[in-house]
Amino acid sequence: MTTPAAVLVDAAAYAQAVEDAVKASAAYYTGGTSVLDDDAYDRLVRGIAQWETDHPDEVLPDSPTGKVAGGAVEGDVPHTVAMLSLDNVFSPEEFTAWTASLARRIGHEAERFSVEPKLDGLAIAARYTQGRLDRLITRGDGTAGEDVSHAIGTVEGLPAELAEPVTVEVRGEVLMTTAQFEHANEVRTAHGGAPFANPRNAAAGTLRARDRAYTVPMTFFAYGLLPHAGTEPALAARLSGLAHSELMAQAAAYGVNTTASTAVPGVTAAGVEEVLARVEEIAALRPGLPFGIDGIVVKADLAADQQAAGSGSRAPRWATAYKLRTVEKITRLLAVEWNVGRTGVIAPRAVLEPVEIDGSTITYATLHNPADITRRDLRLGDHVMVHRAGDVIPRVEAPVAHLRTGEEQTIVFPETCPRCGSAIDTGEQRWRCANGRDCHLVASLSYAAGRDQLDVEGLGHTRVVQLVEAGLVTDLADLFALTRDQLLGLERMGETSTDNLLAALDTAKAQPLSRVLCALGVRGTGRSMSRRIARHFATMDAIRAADAEAMQRVEGIGTEKAPSIVAELVELAPLIDRLAAAGVNMTEPGATPPAPTDADADSGVDGATAAPEAADGPLAGMTVVVTGAMTGPLEKLSRNQMNELIERAGGRSSSSVSKKTALVVAGESAGSKRTKAETLGVRLATPDEFAVLVADYLDATA
Ligand code: IVH
């Protein structure tokens with residue numbers, strides 16, 4: 001996706017744009033926070049560049065296009081070789097054009113490229129004298145930077161001593177991993193400071209801070225190795241002749257951290273196609289990385305090619321940054337809404353000033369829970385960083401504390417349930433109405449009757465509202481006690497609709513245990529978790545007899561979830577009893593209860609005939625992902641039914657493709673998941689091929 005340039009209509013707009021960009025850039029390089037996120041900054045600079053092409057005589061001296069970003073401060077340490085910036089490309093076409101211009105410049109195609117992640121931190125030069133780290137310098141304005149040697153010892157990956165007593169300068173990026181960032185914000189807020197908006201700011205602020213009462217770790221990745229004053233001439237000559245990939249191997253051999261230690265190591269590529277394939281790979285791996293990247297850096301690998309290409313005053317001509325789509329933007333937090341979900345959980349939701357992230361307009365984002373709001377010290381009117389990657393629900397990351405005006409207001413937490421006025425149970429991180437799932441009865445019943453749960457045809461939202469308002473149902477079990485006369489007494493309920501609804505309710509009683517369990521809406525158990533529990537225990541009695549330890553034997557249930565599921569089943573016991581009495585099925589077809597272990601030999605779990613969980617099905621041991629529209633024999637199956645089918649056939653269903661995925665069923669108009677499967681070399685099947693594979697298990701999926 002190409003980011004469009006900002007359109008500048010006249011000289012005044014141009015001057016304003018330059019001023020905005022300079023401010024944003026200064027904030028960026030000094031660890032402050034700009035109102036412009038990366039994407040907006042890129043658009044602005046492209047707009048500036050476009051205007052300058054049309055008005056070459058009116059270029060302002062401080063335009064960001066002509067100078068190295070950042071600003072030198074008096075007392076800075078000069079760099080021996082300028083620390084340059086990088087030009088950007090945003091699409092395969094732009095990248096191809098860049099390689100062509102590089103080829104024109106050096107008189108032949110670049111011999112090969114090195115491709116590595118563009119780490120989202122700050123550039124730093126680390127000077128080693130005779131193998132000992134003695135100076136750390138920021139990039140500053142590129143010609144001189146700030147001495148931040150006080151940070152030596154807090155940056156992982158930059159050893160105090162190299163494996164060899166060489167005098168060299170290592171250049172690279174200092175960043176905070178997600179875990180380091182979270183730790184840093186915890187420590188900082190515990191010391192009364194405002195949390196950092198994102199890992200980049202946290203690294204910038206931490207690196208420059210002196211005399212702090214605490215230190216927090218950061219991580220370094222090298223992307224350059226060069227001689228400096230005092231380097232032995234023979235070593236200097238050797239380093240200048242090495243390819244970039246060889247320099248990185250040398251840095252690693254010295255003991256410095258490089259991307260080779262990550263899931264996205266730097267690699268070399270022979271030509272445009274190979275580079276673009278690697279770009280796709282890195283982009284696909286981005287969401288799972290433990291640190292932020294904002295692009296991919298492509299460099300001519302050979303020293304000779306680099307020397308032939310040379311450098312401009314701002315950026316080298318032998319390297320470019322292939323920018324990835326933005327996943328974060330800054331916008332304002334306008335209000336916080338408190339919504340009660342079907343299980344009675346009261347969840348805060350941020351109402352945002354609409355902002356476009358990666359093609360969609362975001363107006364709401366999750367705020368997780370009240371404790372999270374307090375921890376982040378969010379206030380109404382705050383500028384907040386909003387994160388949205390792929391299909392995940394957008395979330396508010398943190399307030400941009402530097403942009404506060406003082407007019408922000410405290411977020412008021414509800415004292416009683418915003419829906420029914422009952423007390424709020426604040427015992428857990430997620431607050432819950434004391435009325436539990438009865439608070440939002442319409443939501444919990446509509447969910448239970450939904451297609452993926454009990455699938456009661458004719459029982460949509462409006463009908464549920466009608467039943468609740470008429471006082472005919474106060475919980476799920478009441479549905480199965482409805483009489484013909486009661487239904488006929490309702491508005492718009494004729495004989496046919498009544499008989500159809502009663503028949504649908506009767507059919508629903510035969511749904512497998514997994515769906516009944518899901519319909520109950522136990523917190524923390526959605527469709528796939530309900531299936532896993534049902535398949536593991538096989539009967540409702542076995543589920544109810546399980547203690548937290550037994551519950552933890554179900555895949556995906558850990559020490560935190562197990563006791564809460566057990567406790568909630570106790571809470572639901574009277575309802576479950578009434579459902580069973582009404583004739584609702586409480587067993588999972590094809591599953592066998594687990595054999596009692598020594599620990600629960602007398603716990604009432606009856607299941608002497610332990611059977612492996614569909615371990616003999618055609619998908620045994622396989623993680624399967626379904627994407628795109630299903631066709632042929634699978635055409636009518638919902639995604640949930642596809643997942644049920646996979647699990648019946650012994651597999652594990654998942655919604656995201658990773659190296660662990662064994663098979664991707666890709667239907668019509670499958671998109672990024674298919675591409676990712678191809679990139680990772682995961683086996684693909686069409687719906688028809690898959691239907692043949694699981695033919696024996698297909699009939700049970702109605
Ligand atoms: S090479 C002369 N490689 O991106 C080449 N830079 O936008 C300049 N960066 O200042 C740097 N990862 O702070 C290079 N693998 C990588 C990088 C990288 C992140 C940063 C670096 C640079 C900025 C330019």
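Everything numeric here is computed off the predicted structure, so don't read it as measured data.

Thresholds applied
- Residues numbered from 1 in each chain as written.
- Predicted model: local features only at pLDDT ≥ 70, side-chain atom pairs only at ≥ 80, totals over all residues.
- Heavy atoms only, no water.
- Core = buried A, V, L, I, M, F, W, Y, C linked by side-chain atoms within 4.5 Å.
- Buried < 20%, exposed > 50% of the residue type's maximum accessible area, 1.4 Å probe, protein only.
- Helix = DSSP H or I, 4+ residues; strand = E, 2+ residues; numbered from the N terminus.
- Expected span 1.5 Å × (residues − 1).
- Arc of directions from axis to C-beta.
- Contact = heavy atoms within 4.5 Å.
- Pairing = 2+ DSSP bridges.
- pLDDT = per-residue confidence, 0-100.
- Polar contact = N/O pair within 3.5 Å; in protein donor to acceptor, adjacent residues only side chain to side chain.
- Near = heavy atom within 4 Å.
- Areas by Shrake-Rupley, 256 points an atom, 1.4 Å probe, with all protein chains shown as cover.
- Nonpolar A, V, L, I, M, F, W, Y, C, P; charged D, E, K, R; others polar.
- Salt bridge = Lys/Arg side-chain N within 4 Å of Asp/Glu carboxyl O.
- Axes fitted to C-alpha atoms, helices over the stretch in contact; angles between N-to-C directions.
- Parallel < 35°, antiparallel > 145°, perpendicular 65-115°, else oblique.
- Left-handed = near helix turned anticlockwise from the far one by under 90°.
- Phe/Tyr/Trp six-rings, centres within 6.5 Å; stacked < 30°, edge-to-face > 60°.
- Lys NZ or Arg CZ within 6 Å of the ring centre and 35° of its normal.

### Some words on the nonpolar core
And step 1. Counting residues in each nonpolar core, the largest one holds 51 residues, and the members touching the most others are Leu476, Leu479, Leu520 and Met551.
And step 2. Top element by residues in this core is helix 20 (residues 561-581). It accounts for eight residues.
And step 3. Counting 38 residues, the second-largest nonpolar core is a separate cluster that includes Leu136, Val174, Phe196 and Leu225.

### As for helix 15 (residues 495-508)
And step 1. The first and last C-alpha atoms of helix 15 sit 20 Å apart over 14 residues, in line with the 20 Å expected at 1.5 Å per residue.
And step 2. Turning to helix 15, its buried residues are Thr498, Leu501, Ala504, Leu505 and Ala508. An end-on view of helix 15 places all buried positions within 130° of arc, on one side of the element. In helix 15, the exposed residues that point more than 90 degrees away from the buried face are Glu495, Thr496 and Thr507.
And step 3. Check the buried side of helix 15 and you find it contacts helix 13 (476-479) and helix 14 (484-488).

### Thoughts on the pairing of strand 5 (residues 132-138)
And step 1. Bridge analysis of strand 4 (residues 122-129) against strand 5 gives six bridges, and the strand direction is antiparallel. Note on strand 5: the bridge partner recorded for Ala125 is Ile137.
And step 2. Between strand 4 and strand 5, which pair antiparallel and follow one another directly, the connecting turn spans two residues, one of which, Gln130, has a positive phi of 45°.

### Considerations on the confidence of the model for the protein
And step 1. Of all residues in the protein, 93% attain a pLDDT of 70 or more, and the chain-wide mean is 89.
And step 2. Below a pLDDT of 50 lies the segment residues 67-71, which in the model reaches 19 contacts outside its immediate sequence neighbourhood of four places, other chains included.

### Re the side chain of His244
And step 1. Its place among the elements puts His244 in helix 7 (residues 244-254).
And step 2. A polar side-chain atom of His244 sits 3.5 Å from a polar atom in the side chain of Lys299.

### A closer look at the site of the ligand
And step 1. Near the ligand, the surroundings consist of 13 residues, among which Glu116, Arg139, Glu173, Tyr223 and Lys299 are the closest.
And step 2. Within the complex, 89% of the 520 Å² of free accessible area of the ligand lies under protein.
And step 3. Those elements giving two or more residues to the shell around the ligand turn out to be strand 3 (113-119) and strand 11 (293-300).
And step 4. The element that contributes the greatest number of residues to the shell around the ligand is strand 3, accounting for four residues.
And step 5. Residues of the shell around the ligand, tallied by class, amount to eight nonpolar, no polar and five charged.

### Brief notes about the pattern of salt bridges
Close approach of charged atoms allows side chains of opposite charge to pair.
And step 1. For the structure shown, the criterion picks out 39 salt bridges.
And step 2. For Glu169, the salt bridge identified is with Arg171, shortest N-O distance 2.7 Å.
And step 3. Classification of Arg171 by relative accessible area gives buried; the value is 8%.
And step 4. Here Glu647 and Arg535 are joined by a salt bridge, their closest N and O atoms 3.3 Å apart.

### A word on the pairing of strand 11
Across a regular strand the side chains alternate sides, sitting on one face of the sheet and then on the other.
And step 1. With eight of eight residues buried, strand 11 lies mostly within the body of the structure.
And step 2. Direction of pairing for strand 3 relative to strand 11: antiparallel, over a ladder of seven bridges. Residue Phe113 lies in a different strand from strand 11, and its bridge partner there is Ala300.
And step 3. For strand 11 and strand 12 (residues 319-323), the ladder comprises five bridges, and the chain directions are antiparallel. Within strand 12, the position partnered with Val297 by the bridge is Ala321.

### Examining the environment of Leu680
And step 1. Summarising the element assignment, Leu680 is placed in helix 22 (residues 672-680).
And step 2. The sequence separation of Leu680 and Glu281 amounts to 399 residues, and the corresponding C-alpha distance is 7.6 Å.
And step 3. Setting aside residues up to four positions removed in sequence, Leu680 forms contacts with Val657, Ser658 and Lys659.

### Describing the packing of helix 11 (residues 441-449) against helix 12 (residues 461-469)
And step 1. Two elements in contact, helix 11 and helix 12, have axes whose closest approach is 9 Å; the angle formed by their N-to-C orientations is 130°. The orientation of helix 11 with respect to helix 12, classified from their angle, is oblique. Crossing of helix 11 over helix 12 shows right-handed handedness. Residues Leu441, Val442, Leu445 and Ser446 of helix 11 lie in contact with helix 12, whose contacting residues are His461, Val464, Val465 and Val468.
And step 2. Considered class by class, the residues forming the contact of helix 11 with helix 12 number six nonpolar, two polar and no charged.

### Quick notes on the sheet that holds strand 8 (residues 168-175)
And step 1. Reading across the sheet, the five strands line up as 5-4-8-9-7 and stay open at both edges, with mixed pairing between neighbours. In this open sheet, the two strands that pair with only one neighbour each are strand 5 and strand 7 (155-156).
And step 2. Relative to strand 9 (residues 218-226), strand 7 runs parallel, the two sharing two bridges. When the bridges of strand 9 are listed, Glu156 appears paired with Thr219.
And step 3. Against the sheet, helix 5 (residues 199-208) makes contact with strand 4, strand 5, strand 8 and strand 9, and its axis sits at roughly 40° relative to strand 4, the strand it touches most.

### Thoughts on the side chain of Thr262
And step 1. As for its position among the elements, Thr262 is in the loop between helix 7 and strand 10 (267-269).
And step 2. Classification of Thr262 by relative accessible area gives buried; the value is 15%.
And step 3. Aside from chain neighbours lying at most four places away, what touches Thr262 is Phe221 and Phe291.

### What to know about the sheet that holds strand 3
Sheets are built from strands that pair by backbone hydrogen bonding, the pairs being arranged parallel or antiparallel.
And step 1. Within the open sheet, the five strands sit side by side as 2-12-11-3-10. Their pairing is mixed. A strand with exactly one partner marks an edge of an open sheet, and here the two such strands are strand 2 (88-89) and strand 10.
And step 2. Two elements, strand 3 and strand 10, share three bridges in a ladder whose sense is antiparallel. Bridged to Ser114 within strand 10 is Thr268.
And step 3. The strands touched by helix 8 (residues 272-285) are strand 3, strand 10, strand 11 and strand 12; relative to strand 3, the strand with the most contacts, the crossing angle is about 25°.

### Some words on unusual backbone geometry
And step 1. A positive phi angle, close to 45°, is found at Gln130, a residue other than glycine.
And step 2. Take Gln130: it is sitting in the loop between strand 4 and strand 5.
And step 3. The exposed category is assigned to Gln130, whose relative accessible area is 58%.
And step 4. Positive phi values are uncommon outside glycine, yet Asp455 reaches one of about 50°.

### Considering the packing of aromatic side chains
And step 1. In this structure the tally under the stated criterion is nine aromatic pairs.
And step 2. On the basis of an interplanar angle of 15° and a centroid distance of 4.2 Å, the ring pair of Tyr14 and Trp51 is categorised as stacked. Of the two residues, Tyr14 is situated in helix 1 (residues 11-29) and Trp51 in helix 2 (residues 38-54); the sequence distance between them amounts to 37 residues.
And step 3. Classification of Trp51 as buried rests on a relative accessible area of 5%.
And step 4. One aromatic cluster in this structure is built from Phe95, Trp98, Phe113 and Tyr322.
And step 5. Here the guanidinium or amino end of Arg188 rests over the ring plane of Phe196, the centre of that ring lying 4.0 Å away.
And step 6. One residue, Arg342, lies across the ring of Tyr447, its end atom 3.4 Å from the ring centre.

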